Each structure stands twice: as structure tokens, then as C-alpha cells.
Amino acid sequence: MFGYVIVNQPELKFKEYDIYRSYYCGLCRKLNEKYGLSGQLTLSYDMTFLILLLTGLYEPDSPLSSCRCVAHPLARHPLRDNEFTEYAADMNVILSYYSCLDDWSDERRISRLAMSKALSGKNKRACALREKKARAVRENLEKLRLYEKTGETDLDKAAGCFGELMAELFDCREDLWSPQLRRMGFFLGKFIYLMDAYDDVEEDQKKGNYNPLLPLWNKLSGEEFAAHCLQILTMMMAECCKAFETLPILENIAILRNILYSGVWSRYEAVTARRKNAQDQQGGKK
């Protein structure tokens, strides 16, 4: 359910993209330092966005350094990290662990079971460090699992669980910026959940998996379904961006806006185009 909060690279300046990559590489190194190779494999763009957001808001010291790694063995590359890099690394491991368990439960994918076992001890360590946040993650995922078992068709209820989870993640310090951060995280979380459902609806129908968008998928034509989902997703991101724009962020604002106003739509556009091409080849049938 991750990988949707990404940059639109062609729209970024070279310097901006280098800064973005430096925070991404900083998270990668921190995951390796704290949780080893299996932790490093959980690296996500979504948590990189959270680091950039919290860094822009609180402006901690983020020293620039460089290193070599397995992915870049020949040349040193820049990286930045700060207190939010460590926070994101811990939360990334916790979310990845439960995501693996969820995938194993839904699809019986051996690779996800193996990954969950590799992360089990690391998850316990991260949960001990972030006890309150970890508890919120577990409680909301358990509530979501219950909705999935009962076949809940109310989009707000199902997506709201992931929204509450993300709200807790965004509210890192629980201070005067909590209302804005929680609202932003809540609606971004709902967007992520519904975007994931939009992405997977065909496969979920074939496999008999739960997907809250299936009633709409079965009822509407391909174009109508895409347009209806676009309307819902747009409402989610409008509320997210409205909360974002109330935050006094100057640092890396262009990167953050690139992600929120453009990057998050990359998967929607790709999935919609793929379905339209397939529909055209089949003579207009969904």
C-alpha cells in the first residue's frame, strides 16, 4: 500500500532532485545502520516525503555528507539525515512488517511471509522505541482487517482506518502543529488507501480479494469508473493540500508541492492509461 507518494522527476530542477535523493539516501543508510539489510529493503519514497515535510516544518540541522553503497559502489553520493530520518526509519520498519503480514494473509505469498519473519525482531525493536505510534498502527490495521472480513462497502470507513494511521505518523511531536499535520496525514492516508484499491481492483476481482471499489467497478463503465474515482481522489488530495498550505514551510517547498500536486497522481495516470488502451484493444469492453 506504499509507493504512491513520489516526485514527478521531469518537473523538478536538477538541484531539487539532488536534494530529494540525498534525503532518500539518508533514509536508506539509516535503515541499514539500525535494521540491517532486511530493514534497508523496506526503503520507501513515502517515508522520504515525511522526512522532507517534517524537516521543512521544524528545520532541524540536516548535515550533508557522502558515502558509497551497494547501489552506487563506484562514486560517492550525497546524503542528509536528521532526527526525522531516524523516526521515519523506525516507522518504515513497523509499517513494512504489518504490510508483509497483510499480504501473506490475503494472498499467501511466501516471499511476504519470509520478509515478515526477517523483520519480526526488528519490528519489536522499533515498536519498543515508538510504542505509542506502533500501537496506533496495530489498532487501525486491526480495525481495517475487520472491515475487510465483513466486506465493508463504505469507502469512508475503510479508507478512514488508514487515514487515522497516517495522521498518527505525521503527528510526530504532538505540538501546536498537530491539527494541521494530523489533517494532512489523514487525507493523504485515505488517498493512498483508495489509490491502492483503484490500482488493484481488477486483480482483486479475479482473486476474490476484498476491495471497497469493487461495487463501483462492477456497476460503471471503464471511463465512468475512472472519472468517479478521480473525483473522490481529488477531494482527498484537496483537503490534504489545504492543510499543507497552512504550515509555515519554506525549505524544499518546491519539492513538497511537486509531490503533492503532481507526483501522487503518477500511478493514477499510468493505471488509467493502461486500462483505456486495453479497453480500446478489446473494442470498448471493460
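The structure displayed is predicted, hence computed values, not measured ones.

Caption draft 1: Quick peek at the overall build of the protein chain. For the protein chain, the count of helices and strands is 11 helices and 2 strands. In summary, the protein chain has a C-alpha radius of gyration of 19 Å against a globular reference of 19 Å for 286 residues, a match within 12%. Here the protein chain holds 286 residues, and the buried ones make up 52% of them. Partitioning the contacts of the protein chain with sequence separation of at least 6, the portion at a separation of at least 24 is 71%. Counting every atom, the protein chain has about 13800 Å² of accessible surface; 53% of that belongs to carbon and sulfur. Each charge sign in the protein chain was given a centre, from 40 positive and 40 negative side chains, and these centres are 4 Å apart.

Caption draft 2: Structural detail: the pattern of salt bridges. Across all of its chains, the model carries 22 salt bridges by this definition. With a closest N to O distance of 2.8 Å, R130 and D90 form a salt bridge. With a gap of 40 residues between them, R130 in the loop between α4 (110-129) and α5 (131-150) and D90 in helix α3 (residues 83-107) connect regions that are remote in the sequence. Take R130: its relative accessible area is 23%, and that puts it in the partly exposed class. Given a relative accessible area of 1%, D90 falls into the buried group. Ionic pairing is found between E245 and R257, a salt bridge with its closest N-O pair at 2.8 Å. Taken together, the residues E245 in the loop between α9 (222-244) and α10 (253-261) and R257 in helix α10 connect sequence positions 12 residues apart. Taking relative accessible area as the criterion, E245 reaches 35% and is therefore assigned partly exposed. One continuous salt-bridge network, built from bridges that share partners, spans K132, K133, E168, D171, E174 and R182.

Caption draft 3: Geometry of the side chain of N211. Inspection of the secondary structure puts N211 in the loop between α7 (178-207) and α8 (214-219). Exposure remark for N211: the relative accessible area of 5% places this residue in the buried category. At 2.9 Å, the side chain of N211 and the backbone oxygen of A197 are in polar contact. Among residues more than four places away in sequence, those in contact with N211 are A197, D200, V201 and D204.

Caption draft 4: Expanded view of α7. Along α7, the sharpest change in direction is near 60° and occurs at D200. Directly beyond the C-terminal end of α7, a positive phi value near 75° is found at G208.

Caption draft 5: Geometry of the confidence of the model for the protein chain. Overall, the predicted model of the protein chain reaches an average pLDDT of 91, with 96% of residues at or above 70. The least confident element of the protein chain, judged by mean pLDDT, is strand β1 (residues 64-67) at 82; the most confident is α10 at 98.

Caption draft 6: Quick peek at the nonpolar core. In terms of nonpolar packing, the biggest core is built from 90 residues, with F49, L53, L169, F170 and M184 touching the most fellow members. Top element by residues in this core is α7. It accounts for 13 residues. Among all residues touching F170, those that are not within four sequence positions of it are F49, L50, L53, L54, L181, M184, G185 and L188.

Caption draft 7: Summary view of the state of the cysteines. Scanning the model with the defined rule gives 0 disulfides in all. Looking at C161, it has no disulfide partner, and the nearest cysteine sulfur is the one in C240, 18 Å off. Of the cysteine sulfurs around C241, a residue in no disulfide, the closest is that of C240, at 5.1 Å.

Caption draft 8: Region of the structure containing the packing of helix α2 (residues 45-58) against α7. Relative to each other, α2 and α7 sit at 165°, their axes nearing to 13 Å. Between α2 and α7, the angle falls in the class roughly antiparallel. Considering how the two elements wind past one another, α2 and α7 form a crossing that is right-handed. Along the contact surface, α2 presents D46, F49, L53, L54, L57 and Y58, while α7 presents L181, M184, L188 and I192.

Caption draft 9: Spotlight on the packing of aromatic side chains. A complete count under the given rule lists 12 aromatic pairs for this structure. With 6.0 Å between their ring centres and 90° between their planes, W265 and Y268 make a pair best called edge-to-face. This pair shows no difference in class: W265 is buried, exactly as Y268 is. Counting every residue linked through ring pairs, the aromatic cluster contains F191, Y198, W217, F225, W265 and Y268. A cation over a ring is seen here: R173 above Y58, with NZ or CZ 4.3 Å from the ring centre.

Reading the values: rules and limits
- Residues numbered from 1 in each chain as written.
- Predicted model: local features only at pLDDT ≥ 70, side-chain atom pairs only at ≥ 80, totals over all residues.
- Heavy atoms only, no water.
- Helix = DSSP H or I, 4+ residues; strand = E, 2+ residues; numbered from the N terminus.
- Rg over C-alpha atoms; globule rule 2.2 N^0.38 Å.
- Buried < 20%, exposed > 50% of the residue type's maximum accessible area, 1.4 Å probe, protein only.
- Contact = heavy atoms within 4.5 Å.
- Areas by Shrake-Rupley, 256 points an atom, 1.4 Å probe, with all protein chains shown as cover.
- Lys, Arg positive; Asp, Glu negative; His and termini not counted.
- Charge placed at Lys NZ, Arg CZ, Asp CG, Glu CD.
- Salt bridge = Lys/Arg side-chain N within 4 Å of Asp/Glu carboxyl O.
- Polar contact = N/O pair within 3.5 Å; in protein donor to acceptor, adjacent residues only side chain to side chain.
- Bend = angle between axes of the 7 residues up to and from the residue.
- pLDDT = per-residue confidence, 0-100.
- Core = buried A, V, L, I, M, F, W, Y, C linked by side-chain atoms within 4.5 Å.
- Disulfide = S-S within 2.5 Å.
- Axes fitted to C-alpha atoms, helices over the stretch in contact; angles between N-to-C directions.
- Parallel < 35°, antiparallel > 145°, perpendicular 65-115°, else oblique.
- Left-handed = near helix turned anticlockwise from the far one by under 90°.
- Phe/Tyr/Trp six-rings, centres within 6.5 Å; stacked < 30°, edge-to-face > 60°.
- Lys NZ or Arg CZ within 6 Å of the ring centre and 35° of its normal.

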